[in-house]
Structure formats: structure tokens, C-alpha cells
Amino acid sequence: MYGKFLDEGSSAYLSQDYRYVFDPTEVEEFSTAWRNRTFEQFASEIALTAFNLEPSQYGVRDPTFFLFDPKSNYDLIDFWNLRAQALGRVHPIPIDFWLEAKEELAKLAERYHRPVSGNRFGRNATLELARSISSEEMVQNLQADISDWKPGIISIKSRRDRVWQGHSNNRSSVGVEVSRPYAVEQSKIIEQDDDEYFRFDTLDPGFGDDAGHSHNDYSWVNVLTVSDNYHRYGLATTLPFNVDRRLRWRLSVDCKTIVNSEGWCFPQRFSGSGETIKKNPPIHYFSKYFEAAGFSTGQSEAGRIAQQMFSSLSREASALYAVGIFGSAERLRFFNKYAMGQRIRASGDEVKEESFPTRSISLTDLDKHVKVVGQEGVTRKSLVSRLIGYNVLQLGVEVKCPHCFSVNWYDLEAIKYALKCELCRQDFEFPQDDIDGRSGNWKYRLVGPFATPDYARGSYASLLTARILSEVGGRDDQLTFCTGLELTSAEERYEADLVCWLREVGRFDVLADPKLVFAECKSFATEALKSIDFARMAALGKQFPEAALVFSVLKEEFSDNEKSLAATFLRQHAGKLQYGSYERPVIFLTGRDLYFKYGISGGDDARYTYYETDALDEFASATQRLNLGMESQTQ
């Protein structure tokens, strides 16, 4: 027998017990294991475990050589079904081993051959072709390969039996006994009454209480698919599959969780037990993921500011939707103008950084801004209402200090009859007899992380980039992201302004394994992207060769120098050209993309077609064409 056991988790004891009982020969190469199983009389896994099982009386009876492509999922499913029909009478032959092993296979087929009088075939072996390699040309090639074999010892079959159709009482019909799996589906809204956990009632098949249990076995699985539209609750709904990775997702308090194309799988032992899931922030899962790859993780100051902004937006709104309120260059410049001031002064060898309070925003300032932006249907009142609801603006009162004549701003909670000047720190009374007759004392200010200078340390660019990437996946809850992530190993240190797991649109509603994405996000500088930025992303891409890369800027177009650097980067680090697209998706975004209003594809004002936003590679090619002027991907 040959095969492999899991060496970790609740099934690890199987591997240990098997080694103890059988003292197996362990081999590294699959080809060696295959030869042992096929030619050296090693028992197959079916032959060893089929004791007292009654094989089907229908379908395959003669020995079958199944020629298939191990990389094809369809071929593997066909092999599984064929083996279920014939138990130990099927020999899998990977297509890459055929020419090397055909002489030994001829001897094996000759051993099976049992001719009868008047029929040279009698009982002989069948060479069956899998669907992925079945063609007239392949049949002709195989007939030429076996032309020197003993006549009658094997026949070629290039079609598949319709085993998915249950057989009738006619013993000549092909099929298997129809098994009926038990499944229950339920859709429900889970109330968010806890900031740290949420709980849901599990489903059970009805036979749960009759199933045998031990501390190691499970009887059924609950599969959970979670939707958090526009990241209203900040859940990490998109996680990489951990079926074949050395990656442990412990979403549930009680056990390890399997994440695969079905969803989040929670193995169950008992009926009515329920599951409790901890609502960890995205950085928790990114840390676990990169730790498994040998990196320690941290979050930069800019990353923490962006995370605070996103959390603030999510308190009153669907956060990714709310990010759209920053969707214009004029609005970002307006916010940056009234953010905290900053000045760096040098005196000899000493460098001092000074910060100044945010500037107050009057009603007149807001009226002018609304007129400049000119968005249809947006008034000063509607804009202020949204900004207050999103925790961006706060109303207060401006009062001039009678001692130093500086203007102080106080929020409504701080207003009282006795005040203290923020500059000279002297006490003074609220000037009840000196109120501006036009309500000019009432002013707004940016608060919290939105008051951070330098375009919130680049946070606007990161959040707007996450917003547009959520459109590529088809649904915004198919994106999990973290801002300002720092990766450190014993040899290297990397930083990305934005790290995402993005699930592209899947066929037939089957969840696909999400794609890892790294993004470098810049603001309005004329030469925002420099050689060092491309070099850093090249090093990051080399460390994670399957990742997609993104370069985004808030300005509306790249400079000629940036386009030249981008073209060089694509030639050197994007892999080969395949059907007009580079092997690695590399996306280039400008303000024309980031400031979209309703959607990035399909609309009258959209820059992209629906087809171009279905997948990262198509979207990457479209951004290279529109933003770099690369009309032909062969240049």
C-alpha cells in the first residue's frame, strides 16, 4: 500500500499508529511509489481496506489501465468513480509515465490475458483514456505504441461510462448504486450583540445522536458562508484556503476550521452544540498567514491611521461605501488644507518637528467647497450631515482669548462659562456679550485620524485603492485587507501600504481561493513613484511570486518618467506575456480610477467593461492600456 497521512491536527495519531504497526517503507518520489504499487506487488489502498466489502456487479470487471492527467480535477474524479466500480482492478497510469513504463505494462497486461477458444481477446485488460486526453489523435498514437504488444492482450477505450446515472435492473447497464447524501441549508441574519464574538446555531442531520463519538472523530460538517456587505461590521470574510497549506485558521473557539471552496467548515460531534466565532480584525489573520511563511508582522503609523479611519467610518455606515465620500481630488485637498499643521525646523544638528492644531471650517468655506466640487444633488447641509455621521467633522465654537488674542476652538462638551486658552494657558470667561451676529463663532473641525496632515499620512490613497479593488472581486465582501503592514524575517524587511486577499468572480458560485495582493499607494506628488518604490515592490514580488501587485496615485495621471519606470518594471518583473497579458497581474491606478462614483464598469461614465473587471489579470491589462498608454501588450 502507498499513500500519505496528515501529520498534524486531530488526525496525526493515524500516521503515528500506522508507522508503529506496519513499519512502512517511506519514499520521497511519487514515481517510485507508483512503480511499487503497479509492478512490485505492493497492495493498493482499496485492496487493503476492502475486506468484507461487496463490489458492484455492474460496470467494470476486466482489469483496467486508466491513462490520465494527474493535474486535471475531472480526471481525478473519473478515476475515483472508476475505482469505486472495480475496487482493486484499476491501475492508474499518469500520462507522463506512459512511454517510460509501457514495456512493463505490456508484461502486466499479458499476465491478465485469458484467451478462449475462438476469441483471442477473451478476458483482457482495457486501456481507458481520461476525458482530458481523449482524442482521435491520442488513440492513434496509443495504437502505434502498443502495436508490438502481443495481439489481444489489451483494448483501447476512449469514452467514459455514465456512472453518475443509477443502473436499472438490467445487469448489462452501467452505473453504481445511487447514494443520497444528507444536506440541509439555512440562511439567517446573525444579530451583532457582542463586539468580540458572534454565535450561531449549528445544523444537524437528525442522526447525530445515534453516531458513535470519541475525542477524535466527527460525524458531519457545518459549512458557513458569511457576507459583510461594504464591511459594515469589519469581518474578515475572505481567507486563503488551508486544505493543502500548513496554515491553521482557528475561527471557532472550540476547534480548527477548514476554509475551502465551500466556505468555513466546522466539524461537528454533537447535535445542537452551536458555534462561537471570535471577531478578530484582519491584521490577526494576515499575521498568522505571514508567520506561517516565516515573517513577523507589525503595522506602520500610516497603517494604524488608515485602520482608525476605516473603523471610525464603520461605526455609522458601511465603511467601504463611506470611503467614497473622499472620492475627488478637490475634497482631499480641502481636508488636507484644514488638517493639523506641521513644520520641521533645523537648528544646527538638531531637527525639530512642530505640530499645529487643525484649522476651523466655516459655513462659508463649506459653501465654496460644495460649489467647486459641483456634485449633482450635494448641498452643504447634506455634505455636513454625512461627514458628521461618518465621524469626520465635529461642531464647536471659536472664542478669542482676551490675554493673547489667539483664537481657540472648543467642542460642545468643552464649552462652559470658565475657559482656558490653549496657547497661553490662562483662564478667562466665556464672552457672552461678544457673540458674532451672523453665527460666525460656530465652526467645524476635522477630528480623530481625519485631522492627520499630509493626506492622513497616505491613508486616503490606501482606502480608495481598497475600495476599487473590492469592485474587481464582484462583491465587496470578497475582499479582506490590512493597511501599512510590515513584514520582517531574519534576512529581509518589507512594507506594503495595502495588503489584500481578493477573491475573483468564481464560476457557478463556487468560491475561489483568494489572490494575495500588495499595493504601493501615493498621493499627489508630481513624481510620486520613484525607482526605490518599484525596487521595493520587485523584492516583495520575488518573495511572494503568486501575488498581484498594485501601484496607485491620487493624481489623475502618471508622469512620463513614472510611465517609463512602470514599463521597465513590467518587462523585468511581470513574467511572460500570455495572450496579450503579463503572467503576473500588475495594476496601475490613478485618481481617474479611484474617484469613481457608482461603479468602475458598465456605466456610461465607467472606464472599464464588465469583462475587464471580472479578473485581476484582465483588469491589470486594462489599467496598463489606459494609464500607461500601452496599447499593445507586446511592446
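Remember, it's a predicted structure, so these values are computed and weren't measured experimentally.

Undergrad: Can you explain the packing of helix H2 (residues 30–39) against helix H5 (residues 98–112)? Please cite residues and give values.
TA: Following both chains from N to C, one finds H2 and H5 inclined at 15°, their axes separated by 11 Å at the closest point. The pairing of H2 with H5 is recorded here as roughly parallel in orientation. With respect to the hand of their crossing, H2 and H5 are arranged in left-handed fashion. Taken together, the residues of H5 that come into contact with H2 (itself represented by Trp34, Arg35, Thr38 and Phe39) are Glu100, Ala101, Glu104, Leu105 and Leu108. Counted by class, the contact of H2 with H5 contains 5 nonpolar, 1 polar and 3 charged residues.

Undergrad: Tell me about the environment of Leu485, and name the residues and values.
TA: Positionally, Leu485 belongs in strand E20 (residues 479–488). As for Leu485 and Leu498, which are separated by 13 residues in sequence, their C-alpha atoms are 6.9 Å apart. With near-sequence residues (within four places) excluded, Leu485 lies in contact with Ile283, Phe286, Phe290, Thr297, Gly298, Tyr494, Glu495, Ala496 and Val499.

Undergrad: Describe in detail helix H6 (residues 136–145), supporting the description with residues and values.
TA: Those residues of H6 lying buried are Val139, Leu142 and Asp145. Viewed along the axis of H6, the buried residues span an arc of 120°, placing them on a single side of the element. Of the exposed residues in H6, those oriented more than 90 degrees away from the buried face are Glu136, Glu137 and Gln140. Each element contacted by the buried residues of H6 is listed here: strand E1 (64–68), H5, strand E5 (125–129) and strand E6 (154–157).

Undergrad: Describe the pattern of salt bridges, listing the residues and the values that go with them.
TA: With the rule as written, the count across this model stands at 18 salt bridges. The partner of Glu196 in a salt bridge is Lys278, with the nearest N and O atoms 2.6 Å apart. Of this pair, Glu196 sits in the loop between E6 and strand E7 (197–200) while Lys278 is found in strand E11 (residues 275–278), placing the two residues 82 residues apart along the sequence. In this structure, the salt-bridge partner of Lys522 is Glu520, at a minimum N-O distance of 3.3 Å. Relative accessible area serves as the criterion here: at 22%, Lys522 is assigned to the partly exposed category. Here the salt bridges do not stand alone but share partners, grouping Glu520, Lys522, Asp533 and Arg536 into one network.

Undergrad: Lay out a negative patch on the surface with the relevant residues and their values.
TA: The grouping of Glu330, Glu527, Glu556, Glu557 and Asp560 at the surface amounts to a negative patch. Structurally, Asp560 can be placed in helix H16 (residues 560–573).

Undergrad: Give a detailed account of the sheet that holds strand E2 (residues 90–94), specifying residues and quantitative values.
TA: With respect to topology, 4 strands assemble into an open sheet ordered E2-E1-E5-E6, the strand pairing being parallel. Strand pairing shows two members of the sheet lacking a second neighbour, E2 and E6, which therefore form its edges. Between one strand axis and the next, the sheet turns by 25° as a mean value, whatever way the strands run. Of the strand pairs in this sheet, E5 and E6 are connected by 4 bridges, and their pairing is parallel. Bridging from a neighbouring strand, Thr126 pairs with Ser155 of E6.

Undergrad: I'd like to hear about the nonpolar core, residue by residue, with values.
TA: With 62 residues, the main nonpolar core has Leu313, Phe326, Leu332, Val392, Tyr460 and Phe481 as its most contacted residues. Element by element, the count of residues in this core is highest for helix H14 (residues 459–472), at 8 residues. Leu235, Phe241, Trp264 and Phe534 belong to the second-largest nonpolar core, a separate cluster that totals 49 residues.

Undergrad: Tell me what's going on with unusual backbone geometry, and back it up with residues and numbers.
TA: Residue Arg425 is not a glycine yet carries a positive backbone phi of 65°. Looking at where Arg425 falls in the secondary structure, it is placed in the loop between strand E17 (418–420) and strand E18 (427–429). Phi is positive for Ala456, which is not a glycine, with a value near 55°. Locating Ala456 in the fold gives a position in helix H13 (residues 453–457). For Ala456, a relative accessible area of 0% translates into the label buried.

Undergrad: Any chance you could break down the confidence of the model for the protein for me, citing the residues and the numbers?
TA: Residues of the protein with pLDDT of at least 70 account for 79%, and the chain-wide mean is 81. The secondary structure element of the protein with the lowest average pLDDT is strand E13 (residues 341–347), at 52, and the one with the highest is strand E23 (residues 548–553), at 97. Scored below 50 in pLDDT, residues 167–176 makes 26 contacts in the model with residues more than four places away or belonging to other chains.

Undergrad: Give a description of the packing of helix H8 (residues 301–314) against H14 that names residues and reports values.
TA: Close contact between H8 and H14 brings their axes to 9 Å; oriented N to C, the two are set at 60°. Judged by the angle between their axes, H8 and H14 are oblique. For H8 against H14, the interelement crossing comes out right-handed. Residues Ala302, Ile305, Ala306, Met309 and Phe310 of H8 form the contact with H14, whose own contacting residues are Ser459, Tyr460 and Leu463. Split by residue class, the contact of H8 with H14 holds 7 nonpolar, 1 polar and no charged.

Calculation rules
Residues numbered from 1 in each chain as written. Predicted model: local features only at pLDDT ≥ 70, side-chain atom pairs only at ≥ 80, totals over all residues. Heavy atoms only, no water. Axes fitted to C-alpha atoms, helices over the stretch in contact; angles between N-to-C directions. Helix = DSSP H or I, 4+ residues; strand = E, 2+ residues; numbered from the N terminus. Parallel < 35°, antiparallel > 145°, perpendicular 65-115°, else oblique. Left-handed = near helix turned anticlockwise from the far one by under 90°. Contact = heavy atoms within 4.5 Å. Nonpolar A, V, L, I, M, F, W, Y, C, P; charged D, E, K, R; others polar. Buried < 20%, exposed > 50% of the residue type's maximum accessible area, 1.4 Å probe, protein only. Arc of directions from axis to C-beta. Salt bridge = Lys/Arg side-chain N within 4 Å of Asp/Glu carboxyl O. Patch = residues over 30% accessible without salt bridge, like charges linked within 9 Å, V, L, I, M, F, W, Y side chains within 5 Å. Areas by Shrake-Rupley, 256 points an atom, 1.4 Å probe, with all protein chains shown as cover. Lys, Arg positive; Asp, Glu negative; His and termini not counted. Charge placed at Lys NZ, Arg CZ, Asp CG, Glu CD. Pairing = 2+ DSSP bridges. Core = buried A, V, L, I, M, F, W, Y, C linked by side-chain atoms within 4.5 Å. pLDDT = per-residue confidence, 0-100.

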